[in-house]
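Descriptive analysis of the structure
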Amino acid sequence: MLESLLLVAQEGSIAGAARRQGLTPAAVGQRIQALEAELGFQLLERVGHTSRPTEACLRLLPHAREVVALANHLAEKADMDGMTGLIRVGVISTLFQDLIPPMLRRINAELPGLRLHLIPGTSMELYSAFCRDEIDAALIVEPHFEVPKVALIEPLLAEPLALITRAKPDRPVEEVLRDSSYLRYDVNSWGGMIAETFLRDRGLKLDPMVELDSLETIAILVGEGLGVSLVPCWRGLDRFAPHVHVSEPLPADYDRRLCLMYPNKNRNDPLWIAFRELATDCATGLAREAAGKDG
């Protein structure tokens, strides 16, 4: 209950605290009400969609932080093998389809003490959240710049860039792109920047019909015959648009490389070592599956 109160004070709303804890707003509200009933005074002032600590609550917060920190410390001491804990992981949408299912199966079997709080987002959003310490790790497109020393990068998967069309074309990729309605993968996304680099390197200046930051939606629209696109070949593509044609992989210079970003400070922690090894093993398994299908 105290942890919920601290998060409401930090986030400025019950809804924000609920997202951080992976609970419903109603559940967090009930926790606060139970705490108010136990203490005998009001803790929050609710103004619109925001919740502000009362003066009495502000006096309580430093002591609440001490109690929560002590409880966490005791929990760590009780975990003698270091294999119990919560990791907040930001995940891009395509990895929710590909990597997360086998990871969760392995965690359930091999790391039952590990709890994951999974947060969806774009690579850019999740990188920013990691830097603000709002998440502990991120499964994202590998940054195209040097990351700060507080972060480490574990390469996981490489996804080749390809042209997707409704039917198999009988012309070179460049001609198809030039003569078709183009559905552009958002140029502001890290994956979209790769597709845009391919076009620039070939002197192609296309006027997109639409620009989207959702690979799943792009695949569906291509499957409906509304245009063509350049996308990384993620392993769930055929589930969203089973009838689209995927070209041969374009040069490896345009691969979308996916990684696990995690804190440098945790590199020698037993739970983090096991988590990283499990993520890497699952990614290797997906790569083997893809190679088997291609073969």
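Higher on the page you've got the structure.
Residues numbered from 1 in each chain as written. Predicted model: local features only at pLDDT ≥ 70, side-chain atom pairs only at ≥ 80, totals over all residues. Heavy atoms only, no water.

As for the sheet that holds strand β10 (residues 229-232)
Across a sheet, strands are paired by hydrogen bonds formed along the backbone, either parallel or antiparallel in direction. Ordered by their spatial adjacency, 3 strands build an open sheet running β10-β7-β11, and the pairing between neighbours is antiparallel. Either end of the sheet is taken by a strand with one partner, and the two such strands are β10 and β11 (245-246). Pairing of strand β7 (residues 161-165) with β11 involves 2 bridges; the strand directions are antiparallel. Bridge pairing links isoleucine 164 to valine 246 in β11. Packed on one face of the sheet, helix α10 (residues 215-223) meets β7 and β10 and runs near 135° to β10. (Pairing = 2+ DSSP bridges. Helix = DSSP H or I, 4+ residues; strand = E, 2+ residues; numbered from the N terminus. Contact = heavy atoms within 4.5 Å. Axes fitted to C-alpha atoms, helices over the stretch in contact; angles between N-to-C directions.)

Focus: the packing of aromatic side chains
Throughout the structure, instances matching the rule amount to 6 aromatic pairs. An angle of 80° between the planes, with centres 5.2 Å apart, marks the rings of tyrosine 127 and phenylalanine 145 as edge-to-face. Here phenylalanine 145 lies in the loop between β5 (137-141) and β6 (151-159) and tyrosine 127 lies in helix α7 (residues 123-131), a separation of 18 residues in the sequence. Classification of tyrosine 127 by relative accessible area gives buried; the value is 13%. Ring geometry for phenylalanine 198 against tyrosine 254: centres 5.2 Å apart, planes inclined by 85°, an arrangement best described as edge-to-face. Of the two residues, phenylalanine 198 sits in helix α9 (residues 190-201) while tyrosine 254 sits in the loop between β11 and β12 (256-263), which places them 56 residues apart along the sequence. Accessibility expressed as a relative area gives 1% for phenylalanine 198, which makes it buried. When its relative accessible area of 9% is taken as the criterion, tyrosine 254 is described as buried. (Phe/Tyr/Trp six-rings, centres within 6.5 Å; stacked < 30°, edge-to-face > 60°. Buried < 20%, exposed > 50% of the residue type's maximum accessible area, 1.4 Å probe, protein only.)

Remarks on the environment of aspartate 207
Inspection of the secondary structure assignment puts aspartate 207 in the loop between α9 and β9 (210-212). Measuring from C-alpha to C-alpha, the distance between aspartate 207 and arginine 178 comes to 9.4 Å, with 29 residues separating the pair along the chain.

So, the nonpolar core
Formed by 40 residues in total, the largest nonpolar core has its most connected members in Leu99, Met103, Leu139 and Ile140. Elements that contribute at least two residues to this core include exactly β3 (85-91), α6 (100-110), α7, β5, β6, β12 and α12 (270-294). For this core, the element with the highest residue contribution is α12, accounting for 9 residues. Not counting residues within four places of it along the chain, the set of residues in contact with leucine 139 comprises Val89, Gly90, Val91, Ile92, Leu95, Leu99, Ile100, Met103, Leu156, Cys259 and Leu260. (Core = buried A, V, L, I, M, F, W, Y, C linked by side-chain atoms within 4.5 Å.)

A short note on the sheet that holds β6
One open sheet holds the 5 strands; their spatial order is β4-β3-β5-β12-β6, and the pairing between them is mixed. Two strands bound the open sheet, and with one partner strand each, they are β4 (114-120) and β6. Adjacent strand axes in the sheet meet at a mean angle of 20°, parallel and antiparallel pairs treated alike. Here 7 bridges tie β3 to β4, and the two strands are oriented parallel to one another. Bridge pairing in β4 links arginine 88 to histidine 117. α6 rests against β3, β4 and β5 of the sheet, and its axis sits at about 165° to β4. Set on the sheet, α7 makes contact with β3, β4, β5, β6 and β12; between it and β5 the angle comes to about 150°.

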